[in-house]
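A structural walkthrough
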Amino acid sequence: MKGLYTMKVNTKPRKKSKLVLRVLLYFFIVVVVLSAAFIIDSLRYMDNIKIMKAENWGWPDSNIEPTYKNLQYGNYNGGDLLLDIYIPDQVTIQEEPYPLVIVTHGGGWQMGGKEVFEPGVYYLLKHGYAIASIDYTYSTVAKWPVQGEQVKGAVRWLRANAGAYNLDPDRFASFGGSAGGQLSSFLGTTNGLEQYDSDAYGNMDYSSDVQAAVAWYAPNDFFLDYEFSFLNLLFLDGNKSNPNSGFGVLLGGSVNKNTELAEDASCECQYKVYQKR
């Protein structure tokens with residue numbers, strides 16, 4: 001029939017809009033799941049804090065100021081390495097030197113500071129222990145083993161200056177959680193290993209040994225596959241092939257491509273060496 005014609009309908013825009021909606025839906029689901037994981041982890045963390053406070057684990061209701069603040073124990077690339085010392089409150093000055101607990105803070109080696117304490121550390125002050133909380137260079141600035149060398153330098157500085165702060169150089173213990181726990185473990189498992197004592201941080205005539213080492217939830221084995229948590233998601237841990245994980249940033253590349261350095265930083269491996277000595 002003359003005059004009749006057919007018209008093609010372009011269906012591509014409709015298909016494209018469906019694709020966009022699908023992508024947005026998937027994105028929304030991912031955001032909801034991640035938000036839920038964050039909320040659950042946060043609630044669990046807050047519940048743990050309530051339990052710790054209720055059981056008097058030593059988390060104070062208000063901040064406790066250090067007795068000696070921002071003492072310089074070393075230098076890295078022009079930046080000061082600092083520590084704080086807390087002396088127990090005593091009505092009379094104690095004649096005998098205080099045993100010392102050296103605190104290394106957590107934060108995935110990328111954040112945190114000497115002002116951040118694990119619960120329970122303040123409680124030690126009530127029992128006559130002095131506390132030294134130290135800073136170290138973030139892994140985003142310096143790679144392993146710089147952090148390990150620095151904390152050992154801090155121990156040497158504290159031992160060299162023990163007399164000035166009434167500390168007992170023969171009773172040094174280390175304590176830390178998470179990344180700080182790895183550093184605390186590192187101090188304990190490298191006693192007597194001079195290869196980690198760098199003269200860049202001075203006081204080489206003094207020992208960097210500790211008489212005890214305590215670690216909370218420390219990543220002491222870089223080769224493990226860790227269970228999922230929001231912190232693992234934040235630092236991308238548990239993936240040995242990812243150079244952007246907390247381990248990868250510390251090592252300057254993935255665990256799989258830096259196995260020798262990863263073994264060096266893994267205190268599980270260091271402990272085996274320590275047992276053989």
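Since the structure is predicted, the reported quantities are computational estimates derived from the model, not experimental observations. (Residues numbered from 1 in each chain as written. Predicted model: local features only at pLDDT ≥ 70, side-chain atom pairs only at ≥ 80, totals over all residues. Heavy atoms only, no water.)

1. Describing the overall build of the chain
In terms of helices and strands, the chain carries seven helices and six strands. Counting helices and strands in the order they occur from the N terminus, the chain gives α-β-β-β-β-α-β-α-β-α-α-α-α. Once local pairs closer than 6 in sequence are excluded, the contacts in the chain between residues at least 24 apart make up 71%. Carbon and sulfur atoms provide 56% of the accessible area of the chain, an area that totals close to 16200 Å². (Helix = DSSP H or I, 4+ residues; strand = E, 2+ residues; numbered from the N terminus. Contact = heavy atoms within 4.5 Å. Areas by Shrake-Rupley, 256 points an atom, 1.4 Å probe, with all protein chains shown as cover.)

2. A few points about the pairing of strand 2 (residues 79-86)
In the sheet, strand 1 (residues 68-76) pairs with strand 2 via six bridges, with the strands oriented antiparallel. Across the sheet, the residue bridging to Leu71 is Leu83, located in strand 2. Connecting strand 1 to the antiparallel partner strand 2 that follows it, the hairpin turn spans two residues, and Asn77 within it adopts a positive phi of roughly 50 degrees. Inspection of the sheet shows strand 2 paired to strand 4 (residues 130-134) by four bridges, in the antiparallel sense. From the neighbouring strand, Asp84 faces strand 4, where its bridge partner is Ser133. (Pairing = 2+ DSSP bridges.)

3. A word on the confidence of the model for the chain
Mean pLDDT for the chain: 82, with 75% of residues reaching 70 or above. When mean pLDDT is taken per element in the chain, helix 2 (residues 146-160) scores highest with 97 and helix 4 (residues 230-235) scores lowest with 56. (pLDDT = per-residue confidence, 0-100.)

4. Examining the packing of aromatic side chains
Under the counting rule described, the total for this entry stands at eight aromatic pairs. Considering the side-chain rings of Trp109 and Phe222, the 5.8 Å spacing of their centres and the 50 degrees angle between planes classify their relative orientation as tilted. Taken as a pair, Trp109 in the loop between strand 3 (98-104) and strand 4 and Phe222 in the loop between strand 6 (212-216) and helix 4 lie far apart in primary sequence, 113 residues in all. For Trp109, a relative accessible area of 1% puts it in the buried group. Seen in terms of ring centroids, Trp144 and Phe186 are 5.0 Å apart; in terms of plane orientation they differ by 85 degrees. Their pairing is edge-to-face. With Trp144 in the loop between strand 4 and helix 2 and Phe186 in helix 3 (residues 179-189), this residue pair connects regions lying 42 residues apart in the sequence. (Phe/Tyr/Trp six-rings, centres within 6.5 Å; stacked < 30°, edge-to-face > 60°. Buried < 20%, exposed > 50% of the residue type's maximum accessible area, 1.4 Å probe, protein only.)

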